[in-house]
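What follows is the residue order along each chain.
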Amino acid sequence: MEIKNTTNGFFDPYAAGLDKSTEARNETRLKARAEGAGTEASQGDTVTVSQDALLLTEARRAAQSAPDVRSEKVEALRIQVADGTYKPDSKLIAANLVREEPGLFQ
């Protein structure tokens with residue numbers, strides 16, 4: 001058996017003209033890119049962001065720019081704990097956990 005259309009011992013699809021359609025498509029794409037380089041249509045894909053995503057991004061930025069520690073609140077709680085007057089409301093804490101982290105309890 002003899003295999004023709006080889007280059008350096010490997011089958012060469014270009015030698016047989018088997019892949020000329022792909023080659024032609026690539027050339028057409030390159031020409032279209034070169035001709036339309038500067039127009040908005042040739043800039044590629046576009047992305048549309050939902051209003052919810054924009055709000056989420058804005059909220060995340062606001063949270064990141066907020067200080068990590070509210071020192072006045074920490075100091076007030078520290079004084080209450082030291083005096084023995086700090087009485088956490090366990091029902092309020094549980095309600096807030098359920099409201100803010102519903103995925104934890106499913």
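Note that the structure is predicted; figures quoted are calculated from it, not measured.

S.K.: Quick one: what's the story with the overall build of the protein chain, residue by residue and with numbers?
M.R.: Along the protein chain, the regular secondary structure elements total four helices and two strands. Sorting the 106 residues of the protein chain into buried and exposed places 2% on the buried side. With an accessible surface of roughly 10100 Å², the protein chain has 54% of that area assigned to carbon and sulfur atoms.

S.K.: I'd like to hear about a nonpolar patch on the surface, residue by residue, with values.
M.R.: Among the surface-exposed residues, Val47, Val49 and Leu54 lie close enough to one another that they form a single nonpolar patch of about 300 Å² accessible area. On the basis of relative accessibility, which here comes to 45%, the residue leucine 54 falls in the partly exposed class.

S.K.: Which residues make up the confidence of the model for the protein chain, and what values do they have?
M.R.: In the predicted model, the protein chain carries a mean pLDDT of 76, and the fraction of residues at 70 or more is 65%. Mean pLDDT across the elements of the protein chain ranges from a minimum in strand β1 (residues 6-7), with 54, to a maximum in helix α3 (residues 71-83), with 94.

S.K.: Hey, could you go over the pattern of salt bridges for me, with residue numbers and the actual values?
M.R.: Summed over the entire model, instances satisfying the criterion amount to two salt bridges. Arginine 78 is the salt-bridge partner of glutamate 75, the closest N and O atoms lying 3.2 Å from each other. Of the two residues, glutamate 75 and arginine 78 are both situated in helix α3; the distance of three residues between them amounts to about one turn of the helix. The exposed category is assigned to arginine 78, whose relative accessible area is 51%. Between glutamate 100 and arginine 99 there is a salt bridge, with the nearest N and O atoms lying 3.4 Å from each other. Arginine 99 carries the same exposure label as glutamate 100, and that label is exposed.

What counts, and where the lines are drawn
Residues numbered from 1 in each chain as written. Predicted model: local features only at pLDDT ≥ 70, side-chain atom pairs only at ≥ 80, totals over all residues. Heavy atoms only, no water. Helix = DSSP H or I, 4+ residues; strand = E, 2+ residues; numbered from the N terminus. Buried < 20%, exposed > 50% of the residue type's maximum accessible area, 1.4 Å probe, protein only. Areas by Shrake-Rupley, 256 points an atom, 1.4 Å probe, with all protein chains shown as cover. Patch = residues over 30% accessible without salt bridge, like charges linked within 9 Å, V, L, I, M, F, W, Y side chains within 5 Å. Salt bridge = Lys/Arg side-chain N within 4 Å of Asp/Glu carboxyl O. pLDDT = per-residue confidence, 0-100.

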